[in-house]
Amino acid sequence: MKFLYALIFLSLFSCYETTRNCSDYKTGEFYSEVTINGELFKSKFKRTEDLQVETYNNKVDSSSLRWINDCEVIFKTINPKNMAERKDIHLKILTTTDSSYTYEYSYVGETKKQKGIAYRTK
C-alpha cells in the first residue's frame, strides 16, 4: 500500500514541467523589473542577436551578447565607465510565458544571484 501512495505522489510531481521557450526572447523590445533589497528597479531594453541597448534612469547602456545556448547569455558592456561595468554578467532564463520570462543573473564567477522578470513590449 505504501508503494501505491509513493507511486501516486511521484506521478503527480513528475508531470510538472517548467515551460522554457527561450529562443522566443533572443530578440525584441522589453521592460524588466528587478527587486533588490525591497526596492523595485525598472528598465527598458531592445535586443538583437548580438546587441542589447538598455535605458535605466534616463541613461543608455549598450552590451554585446554572447549566447551560450538558447536560455543563457553573457553581457559585456561596450563602453564601461568604471570597474563594476567591466565585469561580464551571466543571465539565465528560468521560465517563459507567451509575453514574459523570469530570469536570474549574476556577475560571471559570482554565486550570489538576483532574479527578475522581463515583459515583451513589441
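Preceding this paragraph is the structure being described.
Rules used in this analysis
- Residues numbered from 1 in each chain as written.
- Predicted model: local features only at pLDDT ≥ 70, side-chain atom pairs only at ≥ 80, totals over all residues.
- Heavy atoms only, no water.
- Helix = DSSP H or I, 4+ residues; strand = E, 2+ residues; numbered from the N terminus.
- Contact = heavy atoms within 4.5 Å.
- Pairing = 2+ DSSP bridges.
- Axes fitted to C-alpha atoms, helices over the stretch in contact; angles between N-to-C directions.
- Core = buried A, V, L, I, M, F, W, Y, C linked by side-chain atoms within 4.5 Å.
- Buried < 20%, exposed > 50% of the residue type's maximum accessible area, 1.4 Å probe, protein only.
- Disulfide = S-S within 2.5 Å.

(A) A look at the environment of Ile89. Note on placement: Ile89 falls in strand S6 (residues 89-96). Through-space distance from the C-alpha of Ile89 to that of Phe75 is 5.0 Å; in sequence the pair is 14 residues apart. Those residues within four positions of Ile89 in sequence are excluded, and the remaining contacts are Val73, Ile74, Phe75, Tyr105, Ser106, Tyr107 and Val108.

(B) Structural view of the sheet that holds S6. Judged by pairing direction, the barrel is antiparallel, and its 8 strands sit side by side in the order S1-S2-S3-S4-S5-S6-S7-S8 before closing back on the first. Across the sheet, the mean angle separating the axes of adjacent strands is 35° when strand polarity is ignored.

(C) Layout of the nonpolar core. If you look at the biggest cluster of nonpolar residues, it comprises 16 residues, and the most contacted ones within it are Val73, Leu91, Ile93, Tyr101 and Tyr103. Among the secondary structure elements, those contributing two or more residues to this core are strand S1 (28-36), strand S4 (59-69), strand S5 (72-77), S6 and strand S7 (100-107). Once residues lying within four places of it in the same chain are set aside, the contact partners of Leu91 are Cys71, Glu72, Val73, Phe75, Tyr103, Glu104 and Tyr105.

(D) Spatial organisation of the state of the cysteines. Taken as a whole and assessed by the stated rule, the structure comprises 1 disulfide. Covalently, Cys22 is tied to Cys71 through a disulfide, its sulfur atoms 2.0 Å apart. What sets the handedness of the Cys22 and Cys71 disulfide is the S-S torsion sign, and at about 90° it is right-handed. Here Cys71 lies in the loop between S4 and S5 and Cys22 lies in the loop between helix H1 (2-14) and S1, a separation of 49 residues in the sequence. Overall, the relative accessible area of 2% leaves Cys22 in the buried class. Since its relative accessible area comes to 8%, Cys71 is described here as buried.

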